[in-house]
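# Residue-level structural notes
In case you want the letters, here they are:
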Amino acid sequence: MFFTCGPNEAMVVSGFCRSPPVMVAGGRVLVVPCLQQIQRISLNTLTLNVRSEKVYTRHGVPISVTGIAQVKIQGQNKEMLAAACQMFLGKSESEIAQIALETLEGHQRAIMAHMTVEEIYKDRQKFSEQVFNVASSDLVNMGISVVSYTLKDIHDDQDYLHSLGKGRTAQVQRDARVGEAEAKRDAGIREARARQEQVSAQLLSETAMAQAQRDFQVQQALCDAAVSARKAQADLAYQLQVARTKQQIEEQRAQVLVVERAQQAQLQEHEIGRRERELEATVRKPAEAERYRLERLAEAQRSQVMMQAEAEAEAMRVTGAARAAAVAARARAEAAQTAAKAEAFGQYQEAAVVDMVLQRLPQVAEAVAQPLLGARRVTLVAGGSGDIGVSRLPGEILDVVTRLPAAVEALTGVSVTQAAQKKSECQA
């Protein structure tokens, strides 16, 4: 449960988990019911009327003194608040005020006993300071601070103070009578001097007034002349300024015209540049792009045709070589078979071998030309020299056929050319 208090009050919470007790001046605190206890102590300022009746001073004269003191429990100082809680917690303001009053009264009586009546009467400030200092040092230990102390009244029943005042009163009355006579004498002297000074001052004043009037007229004339001259200068300056202003206006107008013409020329240049950029973007760039596209397309088509021709030629070459190799292999096989037969029967001669080879040559030529019969399209790639075009095709075929005797000679060891020459010589 929360408890709150104003700035003129302090709360002290003790009990469970509150060792030492918690002191809160002007705030709120959490209190657990049945386990913790809360107590309050007032921080209000207390006004004390300190009376000391018939106290004997240092010279044995009894007097009565009344002082006014303002005291309070100091809530901002934790140590003083703790001391005040230990001594006054649970007491009312009247009980606290009574304790402080008795303490102040004791210190006041002690100070009165150490001073004379004259010292107390004449130097009240000194008496108040001594009571304040002595009482403050004692009340601080109780957690109470003395805010102020003032001596209010001093009186006695023996007319001691009145007797002290009689001599002073007589002296004051005597001084008053003497002073009154001297004042009257001085007043007459001063009155005569004042009249004399008044006449002299009046003459001086009239002379000064006349001189001032003359100086005023002279100054007025000078001022009128200066004003007229300044006025003429101002009129001339005004006319000159008007002329300068008109000239500046004309110059500004001319500058404005120049700026406007420059801006128009700049706008025309911007328009020309814009039209050139528009023409380049709409006509030149597309034309260049189209030309570049056509060039790239033509180059790609040319490269495609060349690559296609090379691929077909390579395919024909590989196919022909394969067929020639197959024919040569078959010829070698037949030659081997024939050689085996010749060796087996022992009746074949070189002429018979040549006849057999010559009989097979048409078949070899047919096998070489067979790939050309199935080709739908033939692409010829010309080299650096030789025939060009269709005339090159028979030469290629004949070249393959002319290589057959050398192949036969390599396989059989029989030279077809020599055998044919011998056969021709024999027939001749």
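Residues numbered from 1 in each chain as written. Predicted model: local features only at pLDDT ≥ 70, side-chain atom pairs only at ≥ 80, totals over all residues. Heavy atoms only, no water.

Okay, the side chain of His107 next. Inspection of the secondary structure puts His107 in helix α2 (residues 93–113). Not counting chain neighbours up to four residues away, the residues in contact with His107 comprise Val134, Ala135 and Asp138. (Helix = DSSP H or I, 4+ residues; strand = E, 2+ residues; numbered from the N terminus. Contact = heavy atoms within 4.5 Å.)

The sheet built from 3 strands is open, its strands ordered β6-β7-β8 with antiparallel pairing. Each of the sheet's edge strands pairs with one partner strand only, and the pair in question is β6 (46–56) and β8 (144–155). If you compare each strand with its neighbour and ignore which way they point, the axes differ by 20 degrees on average. For β6 and strand β7 (residues 62–73), the ladder comprises 9 bridges, and the chain directions are antiparallel. Residue pairing in the sheet places Val50 in a bridge with Gly67 of β7. Set on the sheet, helix α4 (residues 124–139) makes contact with β7 and β8; between it and β8 the angle comes to about 145 degrees. (Pairing = 2+ DSSP bridges. Axes fitted to C-alpha atoms, helices over the stretch in contact; angles between N-to-C directions.)

Our next topic: the nonpolar core. Leu48, Val71, Ile73 and Phe127 are the most contacted members of the largest nonpolar core, which has 38 residues in total. Secondary structure elements with two or more residues in this core: β2 (9–15), β6, β7, α1 (78–88), α2, α3 (117–122), α4 and β8. Ranked by residue count, the leading element in this core is α2, at 7 residues. Once you skip the residues sitting within four places of it in the chain, Val71 turns out to touch Asn44, Thr45, Leu46, Leu48, Ala100, Leu104, Leu139, Ile144, Ser145, Val146 and Val147. (Core = buried A, V, L, I, M, F, W, Y, C linked by side-chain atoms within 4.5 Å. Buried < 20%, exposed > 50% of the residue type's maximum accessible area, 1.4 Å probe, protein only.)

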